[in-house]
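# Secondary and tertiary structure notes
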Amino acid sequence: MTTTPPTAPVPLRAGARLALALAREEMMQEYHRWETDPATVVGFGARWPVSWEVFSARFRSSHTSDHYQLFEVITAPGGTPVGTTALSVDQSVNSAEFTLVIAPEQRGRGYAAEATALTLEWAFTIASLDSVWLEVPAPHTPAVNAYLKAGLRPAGRLRSAALWHGERVDKLLFDCVPDDLAEKR
């Protein structure tokens, strides 16, 4: 019996320490592990992790489409997977919701800001989007700091709209338009 060797990540856009790559089906179990980590669930302001069945069906049906793009975040050089980012596009207004997951064992290394910046760069220079936005529970200060560092700006607050370790907390909204990144340079 022959085993198919894993495909190497295909880098699309490189930064100082990280690169965006195409999401790979053979990495689905790792992506699911990262998303079901309790700290990730709390960071999304959710109550429950997504089941394998729901995750794999969602991945297979939409991980690369006109409305949704999932990127694998890898180290550059080296190609070690460290997380994922995604853009969920609303074509009627040419904007996208951004999501980020950093693998539990890769957290605390400053990867979130660079992964976010690379995805924003892709969103504006390749995908030609007009804006990108996200939601984050207010107490998630590492995420808030990473998003601000990457160029996102505060766009609003929804009071008591998220959960954080079982407590009701505010949900912060952030957004970014191409001019925001131009001002950062």
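Quick note: structure is the one above.
Cut-offs applied
- Residues numbered from 1 in each chain as written.
- Predicted model: local features only at pLDDT ≥ 70, side-chain atom pairs only at ≥ 80, totals over all residues.
- Heavy atoms only, no water.
- Helix = DSSP H or I, 4+ residues; strand = E, 2+ residues; numbered from the N terminus.
- Buried < 20%, exposed > 50% of the residue type's maximum accessible area, 1.4 Å probe, protein only.
- Contact = heavy atoms within 4.5 Å.
- Pairing = 2+ DSSP bridges.
- Polar contact = N/O pair within 3.5 Å; in protein donor to acceptor, adjacent residues only side chain to side chain.
- Core = buried A, V, L, I, M, F, W, Y, C linked by side-chain atoms within 4.5 Å.
- Salt bridge = Lys/Arg side-chain N within 4 Å of Asp/Glu carboxyl O.
- Arc of directions from axis to C-beta.
- Phe/Tyr/Trp six-rings, centres within 6.5 Å; stacked < 30°, edge-to-face > 60°.

### A word on the environment of A161
Inspection of the secondary structure assignment puts A161 in strand β7 (residues 153-164). Looking at A161, the relative accessible area reads 30%, which means it is partly exposed. Sequence-wise, A161 and Q29 are 132 residues apart; in three dimensions their C-alpha atoms are separated by 30 Å. Contact partners of A161, with chain neighbours within four places excluded, come to R168, V169, D170 and K171.

### Some details on the pairing of strand β5 (residues 95-102)
Along a regular strand, successive side chains alternate from one face of the sheet to the other. With six of eight residues buried, β5 lies mostly within the body of the structure. In this structure, strand β4 (residues 81-90) lies alongside β5, joined through eight bridges in antiparallel fashion. Along β5, the bridge assignment pairs D90 with S95. What sits between the antiparallel neighbours β4 and β5 is a turn of four residues, in which N94 has the positive phi angle 55°.

### Considerations on the side chain of H32
Tracing the sequence through the fold places H32 in helix α1 (residues 28-36). Separated by 2.8 Å, the side chain of H32 and the backbone oxygen of V50 make a polar contact. Here the side chain of H32 touches W52 through a polar contact of 3.4 Å, landing on its backbone nitrogen. With residues up to four places along the chain from it excluded, the contact list for H32 reads V50, S51, W52 and F55.

### A short note on the nonpolar core
In summary, soluble globular proteins display a tendency toward joint burial of nonpolar side chains. L120, V132, V136 and Y147 are the most contacted members of the largest nonpolar core, which has 34 residues in total. Secondary-structure elements contributing two or more residues to this core are β2 (18-22), β3 (68-75), β4, β5, α4 (111-125), β6 (131-137), α5 (141-150) and β8 (167-176). The biggest single contributor to this core is α4, with nine residues. Core analysis: the next-biggest nonpolar cluster, separate from the first, contains 12 residues, A23, F59, V101 and A103 among them.

### Some points on the pattern of salt bridges
On inspection of all chains with the given rule, the structure shows 12 salt bridges. Among the charged side chains, a salt-bridge network with shared partners connects R24, E26 and E72.

### Quick word on α5
Here α5 has its buried residues at A143, V144, A146, Y147 and A150. Angular distribution of buried residues about the axis of α5 spans 165°; they occupy a single face of the element. Those residues of α5 that are exposed and aimed more than 90 degrees away from the buried face are P142 and K149. Of the residues trailing α5, G151 is marked for its positive phi of about 115°.

### Observations concerning the packing of aromatic side chains
The geometry of an aromatic ring pair comes down to the distance between the two centres and the angle between the two planes. Evaluated as defined, the whole model comprises six aromatic pairs. Between F71 and W122, the aromatic rings sit 5.5 Å apart at their centres with planes inclined by 70°, giving edge-to-face as the arrangement. One end of the pair, F71, is in strand β3; the other, W122, is in helix α4, and 51 residues separate them in sequence. Summarising the burial analysis for this pair, F71 and W122 share the class buried. Centre to centre, the rings of Y147 and F174 are 6.5 Å apart; their planes meet at 55°, and the pair counts as tilted. Here Y147, found in helix α5, pairs with F174, found in strand β8; they are 27 residues apart in sequence, far enough to count as distant. Assessed through its relative accessible area of 8%, Y147 is described here as buried. Accessibility expressed as a relative area gives 3% for F174, which makes it buried. Put simply, the rings of Y31, W34 and F59 pair up and form one aromatic cluster.

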